[in-house]
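Each chain, letter by letter, is given below.
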Amino acid sequence: MVYVGPFETKESCQSWKDEYELPFPVISDEDGAIFKQLSNGWVPYTILVGPDGKVQLWESEFDEAGFAAAVEKLYREPAEAQPEPEPAARLAPQPAGRAGAATIVILGGGAGGLVAAYHLRRRFSGKHRIVLVDRSPDHLFQSSLLWHMVGQRRADQIRRPLSDLTRRGIEFINDEVVEIDLANKLVKTHSEKIDFDYLIVSLGAQLVPETVEGFDEMALNLYDPKGAGMINAALESFSGGRVGVLVTSMPFKCPAAPYEAALLVDSFLRKKGVRNKSEIHVYTPEHQPMPVAGPVMGEAITKVLGKRDIRYHPLFTFEKMQPGTHTIIPSGGEPEKVDLLIAVPPHQAPDVVRSSGLIGASGWIPVDKHTLRTEHEGVYAIGDVNSVRLANGKTLPMAGVFAHYEAKVVAEQIATELQGQRSDAAFSGKGYCWLELGGGKAGFAGGNFYNEPEPSVRLYPPMRFWHWGKVLFEKWWLRHWF
Amino acid sequence: MKVLDESYKGVSEGTLVPLNELGLPAPTTGGLLIVFWKGQ
Ligand SMILES: Cc1cc2nc3c(=O)[nH]c(=O)nc-3n(C[C@H](O)[C@H](O)[C@H](O)COP(=O)(O)OP(=O)(O)OC[C@H]3O[C@@H](n4cnc5c(N)ncnc54)[C@H](O)[C@@H]3O)c2cc1C
């Protein structure tokens, strides 16, 4: 990978490389000659050149889908035939075009809410109100918690103030949502009441470590910025012993994250020179890593763990922690002693969603898998808070990539409907993720989760290329939407 | 995203990129990703 800075001096490129700790060359294109020859005039602009020197892919909006498409080409394997999403015509007709200005309220400024707000705003120039509500003042790029955990990112490097969205004409209310009143199409926060015409619920999954006795005394929360910072401090002073990465219960977001965490800890301890005095164990109730992606993916990840001497304990149905003896205990099994416990806490739908009447039998919000509509007119649920059943009976994993693409689809539907037309935008079930392996390498997995009878997902071999792709994606994400 | 000059044509799939002439590294494993980006 190479970055090219059009109309930038050598010095500005170097300072930029230093500021972002970019691990690849940054070339200054002072007179813009390279940019002129290869680009369409936009930045960012990405070109993938194959081993034969020919362009495989170019794009102005960097996203995972582009990467996956490029890889299909690079590996010269035809993309598997995927069923097209069902046509929108089969969907129940919606009232088209409302008179006057509409208010679209988006709950949550995480991955889904942010993308929805951005795409909606791009579609109308101020006519309709777009209101985003989040109790946090900042958007957090959660994937980078893994790098924060091993000291490769500071906490302030992986956040952006949501108030910056007001520059784009998006209203931001920094408050907690305390009630969703579906009958009256009204959302209440501690200080405001907001009527809505359309509601997009993207409140994510609520982490509830407090439901595990002893969690606070014994475990460090991998999924929380404070916890990730504490893990980093604990690793810095770690001189050897037993590290446990524990998944307390299912479901949990980002099915790859606990494995990535174990691999990054492995790299960290090797660099520190204490890996030979340490053991790393992963405990999970899953029968294999990333079960939804099928046995091939599971085997591949288990193999990577084995190669790095990370002990894997599948079907570990965690029951309790005993801080006094520093042990974790599975139901009906033997206690395991750990010196440093990195844990994924239980997840549930946020309290305000649970009391709203939106929840289904799964404990999450049921939606149409293509349109993301709930059974309440004008109300959509995207990202971790929704529940989509796949053909194999499992549910679509909680991942930012799905929140991202679902948000785009919902924004497109609402915008088209407000223009009095019917939208055929539909979420296809495709998704991609990087699998960070430490030591500057990553794997990449992607495919179609709506494939029948099983999701068709491929894991591409680990390369530095993917790691850089992940770094680039992070930088892109933290700039693009703000 | 921002536009610096909309008159540029860009490349299309299959265009041969004269990497050496442009002073860009040749692809090693798999491919080379070239990213045009402005710091500010
Ligand atoms: C360590 C880690 C690594 C990950 N890595 C990846 C990865 O590599 N790839 C990937 O695709 N996904 C990854 N994920 C998962 C991804 O971050 C989530 O799936 C994604 O953020 C979900 O988006 P969302 O919009 O549904 O929810 P979130 O992004 O969680 O946003 C929910 C928002 O709602 C707000 N909120 C909640 N309740 C209230 C309330 N009552 N009132 C007001 N605001 C409220 C929260 O403050 C938050 O900002 C990772 C997650 C973690 C923790």
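Keep in mind the model is a prediction, meaning the values are calculated, not measured.

Draft legend 1. Representation of the side chain of Asn386 of chain A within the structure. Structurally, the position occupied by Asn386 of chain A is in strand β27 (residues 386-387). Among the residues examined, Asn386 of chain A registers a relative accessible area of 8% and is labelled buried.

Draft legend 2. Local environment of the site of the ligand. Residue and element names in this part refer to chain A. Within the structure, the ligand sits among 27 residues, and Gly112, Asp134, Val177, Ser202 and Asp384 are positioned closest to it. Contact distances for the ligand include 3.1 Å between a nitrogen atom and a backbone N or O atom of Arg135. Gly400 is positioned with one of its backbone polar atoms (N or O) 2.9 Å from a nitrogen atom of the ligand. Calculation on the ligand without its partners gives an accessible area of 990 Å², and the protein chains cover 92% of this total. Elements with a contribution of two residues or more to the shell around the ligand: α4 (111-123) and α11 (400-418). At three residues, α11 tops the list of elements feeding residues into the shell around the ligand. Both domains that meet at the shell around the ligand, namely domain 3 (99-205 + 349-430) and domain 4 (207-348), each give it at least three residues.

Draft legend 3. Summary view of the packing of helix α7 (residues 225-236) of chain A against helix α8 (residues 257-272) of chain A. Residues and elements named next belong to chain A. Orientation of α7 relative to α8, taken along the N-to-C sense of each, is 30 degrees, at an axis distance of 11 Å. Our classification of the angle between α7 and α8 gives roughly parallel. As α7 runs across α8, the sense of the crossing is right-handed. Along the contact surface, α7 presents Asn232, Leu235 and Glu236, while α8 presents Val265, Phe268, Leu269 and Lys272. Classifying every residue of the contact of α7 with α8 gives four nonpolar, one polar and two charged.

Draft legend 4. Spatial organisation of the domain arrangement of chain A. Along its sequence, chain A is organised into domain 1 (1-34), domain 2 (39-75), domain 3 (99-205 + 349-430) and domain 4 (207-348). Relative to domain 4 of chain A, the C-alpha centre of domain 2 of chain A lies at a distance of 36 Å.

Draft legend 5. Main features of the packing of aromatic side chains. Residues and elements named next belong to chain A. Per the counting criterion, the structure on display carries 20 aromatic pairs over all chains. Their ring planes at 75 degrees and their centres at 6.1 Å tell us that Phe402 and Phe427 sit as a pair that is edge-to-face. One end of the pair, Phe402, is in helix α11; the other, Phe427, is in the loop between α11 and β28 (430-438), with 25 residues separating them in the sequence. Of the residues examined, Phe402 reaches a relative accessible area of 4% and is grouped as buried. On the basis of relative accessibility, which here comes to 1%, the residue Phe427 falls in the buried class. Taken together, the ring pairs connect Tyr118, Phe141, Tyr432, Trp434, Phe444, Tyr460, Phe473, Trp477 and Trp481 into an aromatic cluster. When the ring centre of Tyr450 is taken as origin, the NZ or CZ atom of Lys369, which lies over that ring, is 4.7 Å away. Lying over the aromatic face of Trp147, Lys470 brings its terminal NZ or CZ to 5.5 Å of the ring centre.

Each value, and the rule that gives it
Residues numbered from 1 in each chain as written. Chains lettered and ligands numbered in written order. Predicted model: local features only at pLDDT ≥ 70, side-chain atom pairs only at ≥ 80, totals over all residues. Heavy atoms only, no water. Helix = DSSP H or I, 4+ residues; strand = E, 2+ residues; numbered from the N terminus. Buried < 20%, exposed > 50% of the residue type's maximum accessible area, 1.4 Å probe, protein only. Near = heavy atom within 4 Å. Polar contact = N/O pair within 3.5 Å; in protein donor to acceptor, adjacent residues only side chain to side chain. Areas by Shrake-Rupley, 256 points an atom, 1.4 Å probe, with all protein chains shown as cover. Domains from an automatic or database assignment. Axes fitted to C-alpha atoms, helices over the stretch in contact; angles between N-to-C directions. Parallel < 35°, antiparallel > 145°, perpendicular 65-115°, else oblique. Left-handed = near helix turned anticlockwise from the far one by under 90°. Contact = heavy atoms within 4.5 Å. Nonpolar A, V, L, I, M, F, W, Y, C, P; charged D, E, K, R; others polar. Phe/Tyr/Trp six-rings, centres within 6.5 Å; stacked < 30°, edge-to-face > 60°. Lys NZ or Arg CZ within 6 Å of the ring centre and 35° of its normal.

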